[in-house]
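Architecture and fold: a report
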Amino acid sequence: MTYLVIFTLLICLFIFCYFFRNKNGIPTNWPLVGMLPALFQNFHRINEFFIEIMEKSSELTFLFKGPWFSNMNVIVTVDPSNVHHVLSKSFGNYVKGPKFNEIFEYLGDGIFNSDSSLWQYHRRLAHSFFGHPKFNSIFMKKIWEEMESRLIPLLNNVSKHGVEIDLYDTFKRFTFDNVCNILLDYDPKFLSLDLSPIPLFQAVNDVEEVIFRRHAMPTSMWKFMRWLGVGEEKYQKDCQMIYDFTNKMIAMKRAERKLDNPKEESEVIFDNLLTIYMNEVENHTTPTNSSNGDEFLKDAFLNFFIAGGDTTSVALSWLFYLLTKNPHVTNKIREELNAIMVERDDDDNNDDFLRKFTKHKNELVYLHGAVCETLRLYPSVPFNHKNSIESDILPSGHRIKPNMQIIFNMYAQGRMKSIWGDDCNEFKPERWITERGNIKFEPSYKFSVFGAGPRICQGKDMALTQIKIVAAAIIQRYDIEVVQGHQVVPDVSLKLQMKHGFKVKIVRC
Ligand code: HEM
């Protein structure tokens, strides 16, 4: 009898809420389950869903209410002043926090998953690497070597035989090779002429999908599913495959170190990042809470490998997709490249692409605009989150309770009329160029695709340069045509990858 009364009451509540549901675009906050039904219903198109909510409610921030007793009340914001506040001004009050650490457990004690002194430690080591005076020239040389020896010959081959190629998969192989070559000084050669499938990539995708799904569930729910073993076996196997790869890389570097004669201090010009971490482990100068050196190295390397591996390939793929839709932009980039890198060059050696690129890269304003515009419309990392320590009030007036989650949706931020204007859905590199023809600066809290403040992406400059080198070399040589009937759609996951890849034909121009 009691159950019947409760059941009838709940039905009445649902009917009441249905008729009195929010008509201002904010999802209905149902009794017991909060806004979870709307989230589940729209999960497959979550980024578009956030745009709709923000646009309909004409606010740039909203409070997502989770189920009762679930601690799933989340502030979702795209408001630049809130981004600035959380990521910069009140940086000390907003951390990754325990919820993030649990969801991303597979990243262990690496930079992404750490706060306070452990994060400062990683940040300092990484800065000694990315901020080294030799870093830029070394990494550009490595990118160009791989382009010259493998990417361009592959594209030449494909264009010669008129066959289709998945450009997203190709870029992914290229950038994972690149990131290993830069972080480890070792090229695993994922990019090869035969393009045989790489199970490691599938494992990374699958793990990221599981982690992404965890965002849409109360912690107790995904933990319960894990306890039941739902999807767990596959997840554990995928994680293990990724760990096996990182451990193999570490073992290989260890073996190399044993063979190498110890170098004189003056001989060491530039250490790769893993070597920097290994020196720390050998000198016992790692943070005290990481007792196992190998485990610590695995976490450290894995985080940089994941950060740099697939993010630039996603950006490159969307750039070329947008160029296929906007051939006038391709033509303008080509004109700029020809005018600046070919005609304006006073040196006789016209084949030396890398030297010319290095010399003129800051003058390639239109190319820069096209890259920023791509990242605005298709940010490789579409969302980011932080957790509050103490209560606070955001510049938008929204109240923050202690231990509350704040999600920034960079995909929605880039497509807000109130932030970027009525033409925000158009691909316009001109948006990034001043009237005087210089690069237009946009603050990182408005264009927050690389994050902002003290935790801004450490690979930002490297990624932008990498995208521009590859784009310039390809645009000067080829036209890209999407294969007829092939659907290019974004996937919903931690990264904005292309769901069905990017099948194209390459035509020599
Ligand atoms: C288009 C390419 C890329 C995009 C859009 C991107 C975006 C981001 C974002 C949104 C964050 C999170 C910032 C935060 O937690 O507030 C981040 C962090 C980071 N990124 Fe990138 N990234 C890119 C490429 C790279 C590359 C190539 C590397 C080099 C290995 C890299 C290394 C890092 C590192 C180390 C962090 C952690 C910073 C920290 O927590 O202190 N990223 N990136």
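Residues numbered from 1 in each chain as written. Predicted model: local features only at pLDDT ≥ 70, side-chain atom pairs only at ≥ 80, totals over all residues. Heavy atoms only, no water.

Topic: the state of the cysteines
All told, the structure shown has zero disulfides when counted by the stated rule. In this structure cysteine 372 is not part of a disulfide, and its nearest cysteine sulfur, from cysteine 457, lies 13 Å away. No disulfide involves cysteine 424; its sulfur sits 17 Å from the nearest other cysteine sulfur, which is in cysteine 372. Taking the relative accessible area as the measure of exposure, cysteine 424 reaches 0% and is therefore buried. (Disulfide = S-S within 2.5 Å. Buried < 20%, exposed > 50% of the residue type's maximum accessible area, 1.4 Å probe, protein only.)

Points about the packing of helix α11 (residues 232–259) against helix α13 (residues 293–309)
Running from amino to carboxyl end, α11 crosses α13 at an angle of 110 degrees, the nearest separation of the two axes being 9 Å. Taken together, the axes of α11 and α13 are roughly perpendicular relative to one another. Here α11 and α13 pass one another in a crossing that is right-handed. Contacts from Ile242, Tyr243, Phe245, Thr246, Asn247, Met249, Ile250 and Arg254 in α11 reach Asp294, Leu297, Lys298, Phe301, Leu302 and Phe305 in α13. Here the residues of the contact of α11 with α13 sort into nine nonpolar, two polar and three charged. (Axes fitted to C-alpha atoms, helices over the stretch in contact; angles between N-to-C directions. Helix = DSSP H or I, 4+ residues; strand = E, 2+ residues; numbered from the N terminus. Parallel < 35°, antiparallel > 145°, perpendicular 65-115°, else oblique. Left-handed = near helix turned anticlockwise from the far one by under 90°. Contact = heavy atoms within 4.5 Å. Nonpolar A, V, L, I, M, F, W, Y, C, P; charged D, E, K, R; others polar.)

Let's talk about unusual backbone geometry
The phi dihedral of phenylalanine 69 is positive, around 60 degrees, even though this residue is not glycine. Looking at the secondary structure, you find phenylalanine 69 in the loop between β1 (61–64) and β2 (74–77). We classify phenylalanine 69 as exposed; its relative accessible area is 84%. We note that histidine 284 has phi near 55 degrees; this positive angle belongs to a residue other than glycine. Following the sequence through the fold, histidine 284 ends up in the loop between α12 (273–282) and α13. Among the residues examined, histidine 284 registers a relative accessible area of 69% and is labelled exposed.

Digging into the side chain of asparagine 178
Position of asparagine 178 among the secondary structure elements: in helix α8 (residues 167–184). The exposure class assigned to asparagine 178 is buried, which follows from its relative accessible area of 1%. If we skip the residues at most four places from it in the chain, asparagine 178 touches Lys142, Ile143, Glu146 and Gln466.

Regarding the side chain of serine 114
Along the chain, the position of serine 114 falls in the loop between α5 (97–103) and α6 (116–130). Beyond its immediate chain neighbours, meaning those up to four positions away, serine 114 contacts Lys96, Asp109, Trp119, His122 and Arg455.

Topic: the packing of helix α16 (residues 353–360) against helix α20 (residues 460–477)
In the contact formed by α16 and α20, the axes pass within 11 Å of each other and the chain directions differ by 125 degrees. Classed by the angle they form, the pair α16 and α20 counts as oblique. Two packed elements cross with a definite hand, and for α16 against α20 that hand is right-handed. Taken together, the residues of α20 that come into contact with α16 (itself represented by Phe353, Leu354 and Phe357) are Thr465, Lys468, Ile469, Ala472, Ala473 and Gln476. A breakdown of the residues in the contact of α16 with α20 according to their chemical character gives six nonpolar, two polar and one charged.

A look at the coordination of the iron atom of the ligand
Of the protein atoms, Cys457 (SG) alone serves as a donor to the iron atom of the ligand, at 2.3 Å. Examined against the element boundaries, cysteine 457 turns out to sit in the loop between α19 (417–420) and α20. (Donors = N, O, S within 2.8 Å, 3.2 Å for Na, K, Ca; no water.)

Some details on the sheet that holds strand β3 (residues 94–95)
On the basis of which strands lie adjacent, the open sheet formed by five strands has the order β1-β2-β8-β5-β3 and mixed pairing. The open sheet terminates on both sides in strands that have one partner only, identified here as β1 and β3. Looking at chain direction, β3 and strand β5 (residues 383–388) are connected through two bridges and run antiparallel. Looking across to β5, one finds that valine 95 is bridged to asparagine 387. Sheet strands touched by helix α3 (residues 46–57): β1, β2 and β8 (405–409). Its angle to β1, the strand with the most contacts, is close to 115 degrees. (Pairing = 2+ DSSP bridges.)

Details of the site of the ligand
Neighbouring the ligand are 24 residues; Trp119, Arg123, Asn384, Arg455 and Cys457 lie closest to it. Between the ligand and the protein, one listed contact pairs an oxygen atom with a side-chain N or O atom of asparagine 384 at 3.0 Å. Put simply, the parts of the chain that give the shell around the ligand at least two residues each are α6, α13, β5 and α20. Looking at the shell around the ligand residue by residue, the classes come out as 13 nonpolar, seven polar and four charged. (Near = heavy atom within 4 Å. Polar contact = N/O pair within 3.5 Å; in protein donor to acceptor, adjacent residues only side chain to side chain.)

Here's the deal with the domain arrangement of the chain
You can read the domains of the chain as domain 1 (2–96) and domain 2 (111–508). On a C-alpha basis, the centres of domain 1 and domain 2 stand 31 Å from each other. Across the contact, 44 residues belong to domain 1 and 50 residues belong to domain 2. Summed over both sides, the interface of domain 1 with domain 2 buries roughly 4,200 Å², with 68% coming from carbon and sulfur. In this assembly, domain 1 and domain 2 are joined by zero salt bridges. Summed over the shared surface of domain 1 and domain 2, the result is 15 residue pairs in polar contact (both at pLDDT 80 or more). Elements that contribute at least two residues to the side of domain 1 that touches domain 2 include exactly α2 (36–42), α3, β1, β2, α4 (80–89) and β3. The element that contributes the greatest number of residues to the side of domain 1 that touches domain 2 is α4, accounting for nine residues. Residue composition of the side of domain 1 that touches domain 2, by class: 23 nonpolar, 15 polar and six charged. (Domains from an automatic or database assignment. Buried area = accessible area lost by both parts, 1.4 Å probe. Salt bridge = Lys/Arg side-chain N within 4 Å of Asp/Glu carboxyl O.)

Remarks on the packing of aromatic side chains
Overall, the coordinates contain 31 aromatic pairs when judged by the stated rule. An aromatic cluster of three or more residues is present, and its members are Tyr121, Phe129, Phe130, Phe135, Phe139, Tyr277, Phe296 and Phe304. The ring of tyrosine 235 has arginine 214 sitting right over it, with the charged end atom 4.9 Å from the ring centre. Here arginine 415 stacks its cationic end above the ring of tyrosine 378, 5.0 Å away from the centre of that ring. (Phe/Tyr/Trp six-rings, centres within 6.5 Å; stacked < 30°, edge-to-face > 60°. Lys NZ or Arg CZ within 6 Å of the ring centre and 35° of its normal.)

Quick look at the pattern of salt bridges
Counted by the stated rule, this structure contains 29 salt bridges. Measuring nitrogen to oxygen at the nearest pair gives 2.8 Å for the salt bridge that ties aspartate 177 to arginine 150. Here aspartate 177 is found in helix α8, whereas its partner arginine 150 is found in helix α7 (residues 135–161), with 27 residues between them in sequence. Ionic pairing is found between lysine 428 and aspartate 423, a salt bridge with its closest N-O pair at 2.8 Å. If you follow the salt bridges from partner to partner, you end up with Glu373, Arg376, Asp423, Glu426, Lys428 and Arg431 in one network.

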